[in-house]
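Next come the chains, spelled out residue by residue.
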Amino acid sequence: MRIRCELILHFLRAQAPDILCLQELKATEEQFVSKDFERLGYIHNVVRGQKAYNGVAILSKIPLNFSQSLDLLGNGDARHIAAELVNGVIIDNFYVPAGGYEPNREINPKFGDKLDYVAAMRDWSRNLNLRRRILVGDLNIAPLEDDVWSHKQLLNVVSHTPEEVNLLLSVLNHGDWCDIVRHDISEGKLYSWWSYRSPNWDAADKGRRLDHIWASRDLVRDDHHSCILRAARGWQRPSDHVPVMAHFEI
DNA sequence: ATGGTAGGTCTCCTA
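Every value quoted in this text rests on a predicted model; they were computed, and no experiment measured them. All residue numbers refer to positions counted from 1 along the written sequence of the respective chain. Here every chain gets a letter starting at A, and every ligand a number starting at 1, in the order they are written. Per-residue local features are limited, in this predicted model, to residues with pLDDT of at least 70; the limit for side-chain atom pairs, both in listing and counting, is 80 or more; totals at the level of whole chains, interfaces and linings are taken over all residues. The side-chain numbers reported here are obtained from all heavy atoms of the structure, hydrogens and water having been left aside.

## Focus on the overall build of chain A
1) Next: By the criteria applied, helices consist of DSSP H or I runs no shorter than four residues and strands consist of E runs no shorter than two, each listed in order from the N terminus. The helix and strand tally for chain A stands at six helices and 13 strands.
2) Next: To get the radius of gyration, use the C-alpha atoms; to get the globule rule, take the number of residues to the power 0.38 and multiply by 2.2 Å. Since a compact globule built from 250 residues should have a radius of gyration of about 18 Å, the 17 Å found for chain A is in line with a globular shape.
3) Next: Reported as C-alpha extents along the three principal axes, the dimensions of chain A are approximately 45 × 45 × 40 Å.
4) Next: Here a residue-residue contact requires only that any non-hydrogen atoms of the pair lie within 4.5 Å. Here the contacts in chain A between residues at least 6 apart in sequence split such that 63% fall between residues at least 24 apart.

In structure tokens form, the structure reads like this:
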């Protein structure tokens, strides 16, 4: 996040969202400098930081009633922060574990942690009274065939295995969330992430939709819209993720 | 069939 401060400010000036949720800050709360964000009107900010790894934040122009942070694995990872806006809408911002390379929890404990984390999200979500609530984040899972460049070639690749996909869909369905970006853009391939390891990301276009915005059903109206800012992947010193945006009339 | 890049830091670990 620190190395991408200028990119974030550029995005905020250009798009001026009311709220920006960040994941994988790789910074402590002390290292998270919010003065520049405050200058742009984001004065209601909440951060859950961690040295070198993880870390999540919510930048907001809208006043917040309170914030909280869940530790779903009980290991101290900074992977969630939630805030309630003054209008009563709660935003949950998650950074789901990436899960390592081998999609087998017997030989790769990181994959087991990922499965456990998403299962804990399902149990948490199931007990919510789901109204006026938005869930966003780097969920590190691309659930649909059109969320990856090749469904068949990624079936055994962490982020698109049936085990992960079914777990994520169980969070979505048991909680009765609406995948608002897919609701708004229902047809065709849709990606939010392109690996750094592919030098020609644009031409090769081997992307995945790892970043998501979900909403409780009561917030889903006819007049909202979503978009993914693909162009941001081509900016100077880009992140491998691009902004996913949704507009709500609340 | 394999390796490719990036960031933060413990010169390696995680993504």
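## Comments concerning the side chain of Ser216
1) Next: Mapped onto the elements, Ser216 comes out in strand S11 (residues 211-216).
2) Next: Ser216 gets classed as buried once you look at its relative accessible area, which sits at 0%.
3) Next: Setting aside residues up to four positions removed in sequence, Ser216 forms contacts with Leu130, Arg131, Arg132, Arg133 and Trp177. Any residue under 20% of the maximum accessible area for its type is buried, any over 50% is exposed, and the rest in between are partly exposed; the area is computed with a 1.4 Å probe on protein chains only.

## Examining the packing of aromatic side chains
Aromatic rings considered in pairs are described by the distance between their centres and by the relative angle of their planes.
1) Next: Put simply, two rings from Phe, Tyr or Trp (the six-membered ring, in Trp's case) pair if the centres are within 6.5 Å, and we call them stacked under 30 degrees between planes, edge-to-face over 60, tilted for the rest. For the structure shown, the criterion picks out six aromatic pairs.
2) Next: With a centroid separation of 5.3 Å and 70 degrees between ring planes, the pair formed by Phe94 and Trp124 is classed as edge-to-face. Of this pair, Phe94 sits in strand S6 (residues 90-95) while Trp124 sits in helix H3 (residues 109-126), and the two are 30 residues apart along the sequence. With respect to class, Phe94 is no different from Trp124; both count as buried.
3) Next: Within the aromatic cluster, the residues linked to one another by ring pairs are Phe94, Tyr117 and Trp124.
4) Next: Distance and angle both matter: a charge sits over a ring if NZ of Lys or CZ of Arg is within 6 Å of the ring centre and within 35 degrees of the ring normal. Lys206 extends its terminal NZ or CZ atom over the ring of Trp149, reaching a point 4.7 Å from the ring centre.

## A word on the environment of Leu130
1) Next: Mapped onto the elements of the fold, Leu130 is located in the loop between H3 and strand S7 (133-138).
2) Next: For Leu130, a relative accessible area of 18% translates into the label buried.
3) Next: Taking the C-alpha atoms as reference points, Leu130 and His80, separated by 50 residues in sequence, lie 18 Å from one another.
4) Next: Apart from the residues within four sequence positions on either side, Leu130 is in contact with Gly175, Asp176, Trp177, Ser216 and Asp218.

## So, the sheet that holds S7
1) Next: Here the rule is simple: two strands pair whenever DSSP picks up at least two bridges between them. Strand order in the open sheet formed by six strands is S4-S5-S6-S7-S11-S8, and the pairing between neighbours is mixed. Because the sheet does not close on itself, it has two edges, and the strands there are strand S4 (64-68) and strand S8 (177-179). Along the sheet, successive strands turn relative to each other by an average axial angle of 20 degrees, direction set aside.
2) Next: Bridge count for S8 against S11 is three bridges, and the pairing is antiparallel. By the bridge assignment for S11, Trp177 is matched with Ser216. Angular values range over 0 to 180 degrees, each being the angle between N-to-C directions of two axes fitted as lines to C-alpha atoms, with helices fitted over their stretch in contact.

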